[in-house]
Amino acid sequence: MEVQDQGHDPGLQIVVTTEDKPTDSNAAVGQKLLLLASFAKELQTQSHLIHFNYCAPNFLAVHNFLKAQYETHTVQFDQLGEYVRILNYYMPMCSVGLKDALGPCFKHCDCYEPTGMLTTYHDNLGTFEKTIKMVEPAAQAAEHYDVANYLGELLGETCKASWMIRATLQH
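Residues numbered from 1 in each chain as written. Predicted model: local features only at pLDDT ≥ 70, side-chain atom pairs only at ≥ 80, totals over all residues. Heavy atoms only, no water.

J.: Please set out the pattern of salt bridges residue by residue, giving values where relevant.
T.: Going through the model one piece at a time under the given rule, you end up with three salt bridges. Of the charged contacts in the structure, one is a salt bridge between E42 and K99, with a shortest N-O distance of 3.4 Å. Taken as a pair, E42 in helix α1 (residues 25-53) and K99 in helix α3 (residues 95-102) lie far apart in primary sequence, 57 residues in all. What makes E42 buried here is its relative accessible area of 11%. Across the salt bridge formed by K133 and E129, the nearest N and O atoms sit 3.2 Å from each other. (Salt bridge = Lys/Arg side-chain N within 4 Å of Asp/Glu carboxyl O. Helix = DSSP H or I, 4+ residues; strand = E, 2+ residues; numbered from the N terminus. Buried < 20%, exposed > 50% of the residue type's maximum accessible area, 1.4 Å probe, protein only.)

Next comes the structure, spelled out in structure tokens:
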């Protein structure tokens, strides 16, 4: 079965493929949180690798920023995973399952050029932001207000990081 959710952005879709249709709101929200958790894990890996590979005159500032980012993404992954389990939905058992849950929406860096790496990471933060905005109303509708509240906080962190990278790239 394939479920598509366009939320408020017709240019972005969440596509979830399952063998069994989610039977309740917990499973539906849990499935979407799994997508966010998978995305946070990929952001953690990407920001960590860019942290190692970034070389430019603003190295130190970007290096420190990215260290804070990959630490933040680690906390985000953990919190999202805990909400998945609180909803009695399961997280994958390994990284292969996380990548399968993510699907094709994540962009990977294809060069070591500093601006290119930061641009790719910035684009991924934008997709993460749009996805959060699509999942939050589902959490509200299912009356999972704790999850919806956390998603609001997650959105704030993501928007701030995106702005900081955008300001760095403009200079």
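J.: Can you explain unusual backbone geometry? Please cite residues and give values.
T.: Peptide bonds are, in most cases, trans, and in most cases residues other than glycine have a negative phi. The phi dihedral of N88 falls on the positive side, at around 65°, and the residue is not glycine. Here N88 lies in the loop between α2 (59-86) and α3. Residue class for N88 comes out exposed when judged on its relative accessible area of 59%. With phi around 60°, E143 is a residue other than glycine that occupies positive phi space. Here E143 shows up in the loop between α4 (114-141) and α5 (145-170). Given a relative accessible area of 57%, E143 falls into the exposed group.

J.: Could you give an account of the confidence of the model for the chain, naming the residues involved and the relevant values?
T.: Summing up the model confidence of the chain, the mean pLDDT is 91 and the portion of residues at 70 or higher is 88%. When pLDDT is averaged over each element of the chain, α2 comes out on top at 98 and strand β1 (residues 2-5) at the bottom at 52. Considering only residues more than four positions removed or in separate chains, one finds that residues 18-23, a stretch of pLDDT under 50, has seven contacts. (pLDDT = per-residue confidence, 0-100. Contact = heavy atoms within 4.5 Å.)

J.: Break down the packing of aromatic side chains for me, citing the residues and quoting the values.
T.: For any pair of aromatic rings, geometry is given as the distance between the ring centres together with the angle between the planes. On inspection of all chains with the given rule, the structure shows three aromatic pairs. Between F39 and F106 the ring centres are 5.2 Å apart and the planes differ by 70°, which places this aromatic pair in the edge-to-face class. In this pair, F39 is assigned in helix α1 and F106 in the loop between α3 and α4, connecting sequence segments 67 residues apart. A relative accessible area of 1% means that F39 is categorised as buried. Between the aromatic rings of F39 and F128, the centroid separation amounts to 5.4 Å while the plane-to-plane angle is 15°, which identifies the pairing as stacked. With a gap of 89 residues between them, F39 in helix α1 and F128 in helix α4 connect regions that are remote in the sequence. F128 carries the same exposure label as F39, and that label is buried. Three or more aromatic residues link up through ring pairs in this structure, and these residues are F39, F106 and F128. Here K41 stacks its cationic end above the ring of F77, 5.3 Å away from the centre of that ring. It is R85 that lies over the ring of Y90; its NZ or CZ is 4.3 Å from the centre. (Phe/Tyr/Trp six-rings, centres within 6.5 Å; stacked < 30°, edge-to-face > 60°. Lys NZ or Arg CZ within 6 Å of the ring centre and 35° of its normal.)

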